[in-house]
Amino acid sequence: MDFIPNTEKQKKEMLKVIGVKNFEELLDKIGVPRDLMRKAKKSKSLILPRKGLSEIELKRYFMKLAEKNADLGHWTSFLGAGAYEHHIPAALETLITRSEFVTPYTPYQAEASQGTLEALFEFQSLICELTGMDVSNSSMYDGATALAEAAILAANATKRKEVLVSAGLHPAYKKVLETYLRNLNLEIREIEYDVKLGTVDLNWLKVKTNEYTAAVIVQNPNFFGCLEDISKVGKIAHSKGALFIVSVLEPLSLAILEAPGKYADIVTGEAQSFGNPLYFGGPHLGFFTTKEKFVPRMPGRIVGRNEENGKEVYTLAWQTREQHIRRETATSNICTNNALNAIAATIYLYLLGGKGLKKLAEENLLKAHYVQKMILANAGIRPKFSGSFFNEFTLFCNTEGIKQKLLKDRIFAGITWEDSLLMAVTETKTKKDIDCFVEKVVDFPLLPEMSYPKIEYLNFPSQYLRKTPLRIPNLSEPEVMRIFTRMSQRNFSVDTHFYPLGSCTMKYNPKICEKATGFSGFKNIHPYQPEETVQGILELGWKMEKALCEITGMDRFSLQPAAGAHGELLGMMIVRAYHNERGDTARKKVIIPESAHGTNPSSCARCGYEVVKKGSNKQEDIELLNEQGEIDIGLLKELMNEEVAAVMLTVPNTLGLFESKIIEIADIVHKKGGLLYLDGANMNALLGIARPKDMRFDIVHLNLHKTFSTPHGGGGPGSGPLGVTKELAKFLPMPTIEKTEDGKYYLCYGLPKSVGKIQAFYGNIGVIIKAYAYILALGRSGLKKVSENAIVNANYLLELLKDNYQVPYDRACMHEFVLSLKNLEAYNIHVWDVAKRLIDYGIHPPTMRFPQIVKEVLMIEPTETESKETLDRFIEAMIKIYQEIGSQSTSWKVREAPVSGRIEEKAATRRNLKREY
Ligand SMILES: *Cc1c(COP(=O)(O)O)cnc(C)c1O
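Conventions adopted
Residues numbered from 1 in each chain as written. Predicted model: local features only at pLDDT ≥ 70, side-chain atom pairs only at ≥ 80, totals over all residues. Heavy atoms only, no water. Helix = DSSP H or I, 4+ residues; strand = E, 2+ residues; numbered from the N terminus. Expected span 1.5 Å × (residues − 1). Buried < 20%, exposed > 50% of the residue type's maximum accessible area, 1.4 Å probe, protein only. Arc of directions from axis to C-beta. Contact = heavy atoms within 4.5 Å. 1 Å grid on protein atoms, 1.4 Å probe; cavity = no way out; pocket = protein on both sides within 12 Å on 5 of 7 lines; lining within 4 Å. Points joined across faces, edges and corners; volume = space filled by probe spheres on them. Nonpolar A, V, L, I, M, F, W, Y, C, P; charged D, E, K, R; others polar. Phe/Tyr/Trp six-rings, centres within 6.5 Å; stacked < 30°, edge-to-face > 60°. Lys NZ or Arg CZ within 6 Å of the ring centre and 35° of its normal. Near = heavy atom within 4 Å. Polar contact = N/O pair within 3.5 Å; in protein donor to acceptor, adjacent residues only side chain to side chain. Areas by Shrake-Rupley, 256 points an atom, 1.4 Å probe, with all protein chains shown as cover. Salt bridge = Lys/Arg side-chain N within 4 Å of Asp/Glu carboxyl O. Core = buried A, V, L, I, M, F, W, Y, C linked by side-chain atoms within 4.5 Å. Pairing = 2+ DSSP bridges. Axes fitted to C-alpha atoms, helices over the stretch in contact; angles between N-to-C directions. Parallel < 35°, antiparallel > 145°, perpendicular 65-115°, else oblique. Left-handed = near helix turned anticlockwise from the far one by under 90°.

Draft legend 1. Main features of helix H4 (residues 55-67). Here H4 contains 13 residues, and its C-alpha end-to-end distance of 18 Å stays within 8% of the 18 Å for a straight helix at 1.5 Å per residue. By the burial criterion, the buried members of H4 are Leu58, Phe62, Leu65 and Ala66. The arc that holds the buried residues of H4, viewed along the axis, is 100°, so those residues lie on one side. Facing away from the buried side of H4, by more than 90 degrees, are the exposed residues Ile56, Arg60, Lys64 and Glu67. In this structure, the buried residues of H4 make contact with helix H17 (511-517), helix H18 (520-523), helix H19 (535-552) and helix H24 (765-801).

Draft legend 2. Geometry of empty space enclosed by the protein. Evaluation of the coordinates by the stated rule reveals 8 cavities of 30 Å³ or more. Considering the residues around the largest cavity, the lining is formed by Gly541, Glu545, Phe557, Ser558, Leu559, Gln560, Pro735, Thr736, Ile737, Leu747, Tyr762 and Ile765. For the lining of the largest cavity, the class distribution of residues is 7 nonpolar, 4 polar and 1 charged.

Draft legend 3. Layout of the packing of aromatic side chains. Enumeration over the complete set of coordinates arrives at 24 aromatic pairs. With centroids separated by 5.6 Å and ring planes inclined at 90°, the aromatic side chains of tyrosine 193 and phenylalanine 385 adopt a geometry described as edge-to-face. On the criterion of sequence distance, the pair formed by tyrosine 193 in the loop between strand E4 (187-191) and helix H10 (202-208) and phenylalanine 385 in the loop between strand E11 (382-383) and strand E12 (392-396) is long-range, its members being 192 residues apart. The pair tyrosine 193 / phenylalanine 385 is uniform in exposure class, with both members buried. Plain terms: the ring middles of phenylalanine 224 and phenylalanine 385 are 4.9 Å apart, the flat faces sit at 40° to each other, and that makes the pair tilted. With phenylalanine 224 in the loop between strand E5 (213-219) and helix H11 (230-239) and phenylalanine 385 in the loop between E11 and E12, the pair connects residues that are 161 residues apart, well separated along the chain. Here the two residues phenylalanine 224 and phenylalanine 385 agree in accessibility, since each one is buried. By way of ring pairs, the aromatic residues Tyr193, Phe223, Phe224, Phe385 and Trp417 are connected into one cluster. Lying across the ring of tryptophan 542, lysine 546 places its NZ or CZ 4.4 Å from the centre. Lying across the ring of tyrosine 609, arginine 576 places its NZ or CZ 4.6 Å from the centre.

Draft legend 4. Inspection of the site of the ligand at higher detail. If you check the shell around the ligand, you find 14 residues, and the closest are Thr336, Ser503, Asp679, His705 and Lys706. One of the side-chain N or O atoms of serine 503 is found 2.5 Å from an oxygen atom in the ligand. The side chain of asparagine 703 places a nitrogen or oxygen atom 3.1 Å from an oxygen atom of the ligand. Here the ligand loses 98% of its free accessible area of 380 Å² to cover by the protein chains. Here the shell around the ligand gets 3 residues from one element, more than from any other, and that element is helix H20 (residues 564-581). Grouping the constituent residues of the shell around the ligand by class yields 4 nonpolar, 7 polar and 3 charged.

Draft legend 5. A look at the pattern of salt bridges. Counted according to the given criterion, the structure contains 57 salt bridges. Among the ionic pairs, glutamate 13 bridges to lysine 868, the shortest N-O distance being 3.9 Å. With glutamate 13 in helix H1 (residues 8-18) and lysine 868 in helix H26 (residues 868-886), this pair connects stretches of sequence that are 855 residues apart. Owing to a relative accessible area of 35%, glutamate 13 belongs among the partly exposed residues under this scheme.

Draft legend 6. A look at the side chain of serine 488. Looking at the secondary structure, you find serine 488 in helix H16 (residues 477-488). Overall, the relative accessible area of 0% leaves serine 488 in the buried class. Apart from the residues within four sequence positions on either side, serine 488 is in contact with Arg98, Glu100 and Phe101.

Draft legend 7. Highlighting the nonpolar core. Core analysis: the biggest nonpolar cluster contains 226 residues, and Phe62 and Phe708 have the highest contact counts within it. Broken down by element, this core gets its largest block of residues, 21 residues, from H24. With residues up to four places along the chain from it excluded, the contact list for phenylalanine 708 reads Leu548, Ile551, Leu687, Leu702, Asn703, Ala771, Tyr774, Ile775 and Leu783. Membership of the second largest hydrophobic core comes to 74 residues, among which are Leu120, Ala255, Phe287 and Leu470.

Draft legend 8. Representation of unusual backbone geometry. For the peptide bond that leads from methionine 734 to proline 735, omega is -5°, which places it in the cis range. Tracing the sequence through the fold places proline 735 in the loop between strand E24 (722-724) and strand E25 (736-739). Residues phenylalanine 850 and proline 851 are joined by a peptide bond in cis, for which omega reads 0°. Within the element layout of this structure, proline 851 appears in the loop between strand E28 (847-848) and strand E29 (857-860).

Draft legend 9. Spotlight on the sheet that holds strand E22 (residues 675-680). The strand order E16-E24-E23-E22-E21-E17-E18 describes an open sheet built from 7 strands, whose pairing is mixed. One side of each edge strand has no neighbouring strand; the edge strands of this open sheet are strand E16 (556-558) and strand E18 (610-611). Looking at chain direction, E16 and E24 are connected through 3 bridges and run antiparallel. Residue pairing across strands places arginine 556 opposite valine 724, the latter belonging to E24. Strand contacts of H19: E16 and strand E23 (699-702), with the helix running at about 125° to E16, the strand carrying the most contacts. Each of E16, strand E17 (589-591), strand E21 (644-650), E22, E23 and E24 is contacted by H20, which is oriented at about 170° to E22, the strand it contacts most.

Draft legend 10. Here's a closer look at the packing of H1 against H24. Relative orientation of the contacting elements H1 and H24 amounts to 45°, with a least axis distance of 9 Å. In terms of axis orientation, H1 runs oblique to H24. At the point where H1 passes H24, the crossing takes the left-handed sense. Contact with H1, carried on its side by Lys11, Met14, Leu15, Val17 and Ile18, involves Glu788, Asn789, Val792, Asn793, Asn795, Tyr796, Glu799 and Leu800 of H24 and no other residues of that element.

Here it is as structure tokens:
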């Protein structure tokens, strides 16, 4: 089986059409220096097999790795702390693995994405219902990054510089918050907790809250599992004009607790509990909700609903505050998010319904209280705190003794926190599991008639409880199955359609990679399991890092970034840490070409950097490209000075053109003390051809969801590993994965110079497993073939579209190219008309409006997984459309396409951001 459909013979035919004898000649035409190619070819092999593994070999290999982990299918776990083991219904697993949900692109083209849009709209509605908030976005990377974004929103909205954080906040969340806020000059102050109750000390809070406080942040239930009195905290925050932010670690609690919306201005959280596997910490599911008035400031995407011709339609609403338009003034740099995880949560909540969810929450509550009650019967053990709790609590006991004793019996007793044990009990523990566990802890047999307590006997302040039942529809499994199957069918997806989408590398995703990731030994492992029980996944992470080093030439990688933009942000943090360490604090600027992706400038801004601008009021982006579409070396020399921290380039650039003078460019940047950053989203053009390190880049991020064939999931989850040179490795986020001399893998937190933490756990591990499977499936030679075919396919299209469509930079391209449809304006036709007409031909529209330097731009990237037949069909469709435009009797067809009706983003959509159930 091959993932590349074109044969050598077809490739030769295509090269002939392009007008070159062989691929090497094409690379010469493109302008890739021979020296770079030679270096890539001769580069040392670290870990990649020369040839790809067969499906049988892959399956065995991944099964073995999975078996090296203690998976919760076979072990009993009481681990929680922000990642919870809940049962995932079989119907959800069936629905969420449908290609039409897994393999579509971000729903920018509403007509081709109604399924994803409707599912995300439902997600927003459900999260609003649970939190009692006005508006929810359609997902964030995780609960920790969502909280950091909330703090930034609060600082911007109040124009204040301090956030007060309860000491009951998850320590990893606090780390992420610190890492995000440090470069924005925002202060974090901690409010102690009441040592008896385990909740925020309200007296202290009152004293500390003042006119500098942008926001008060508490978690509920908090890290110790205790329930906060959020009505009182909210009052204190508001009395001084601060915003009140609530972070939710265990959203199941919202089924029985009063919705925080009554008191909070922003509610963010982690919704992994709703139908998403643990996957050793990711991808999980951040959510972000606010009151209506903060909508223009919210990060991320929001779906809106409208009625057109009596039919409900969905589009992305509120795009104008996003980075692809606002660039460095955008409200956030988040682009790819965790859309597929949000769809899983939606289906989960539909399967359970309002009643089912409440019952489940009660079961969690009762089991947790039962365990606590039974253990407390043992004289040596007492609760750390007396506050009320939901399904998690802390015990004051001989933590390590209990943990070690139970580990022998395949039980994870909980997490050590200072002098106590943090335990979570969910519905996945049967009474037998629980009794067996309790007997081992307390050392005496339980009476068989001991039973769960009753809710009314728990010491639960009644004001904490939800008064109105959840308005979530109560449907049967077959009904939910049909609703979501039909919804999915309203999408275009890679498995059903061709996506010639520039910059996004929408390629076919080999199914063996999905299979490999699905083993229980990967899916069902908790991020806080002891290292010796997760050797398989640590080994995989360690080897993935080596593979990425081999591919790029870089010295170290962090797998932590959740997407490309997240990698950019981390990269900029490292740039800052590097200059700060040298005492070189005058560098406040970054040079980014105007042709760059919108996330580049917004990631810089998120790290407190200014983007170098031109014009009398310094508002215009700098176009660094010359007439050949490459960096203007003279201009770069002029701009590069001691104030510039870094230059951020995309190679090949967003026109699909290679930077033939890259070595010279690197020299200019380095001579002035700057660092050179590569946005590696276009790595699909470079595999085995040129390595970022050889091009002298200091930092590079990759998009696994583009180059390494992990599906886009309708907008995420992705993964954006960041690679650096040796000199910068000490700044990487913690933990890194290391290996001892005797072959044991471990998580290393001993990096004193590290920038900190950018996710609650270790990265989107589920995505990383898929990408590693893909890399092994291709091997070194296969990866080279990927880029070779991607480049040949693109040049073939370019050659055959040239006659009818304008090519602004008429030269050989790499894996993508741009057309300008400016000449069609004479017919009153715009680029989006042509794009929408393609839908009628069964083809997803190419990228539009980007890069912004080309007017009426259409950006086309065929990828290596499309056959010559598909490319020919695309060319034929494009020529037909051109002919339709030319004839008066048919040009309306293009103007009004698609035939199913064009969906407009209207103002009305912005006002309909959730459903009332
Ligand atoms: C996709 C892309 C990004 C952003 O990546 P995300 O994963 O969406 O955050 C950045 N730069 C370029 C060139 C891209 O194509």
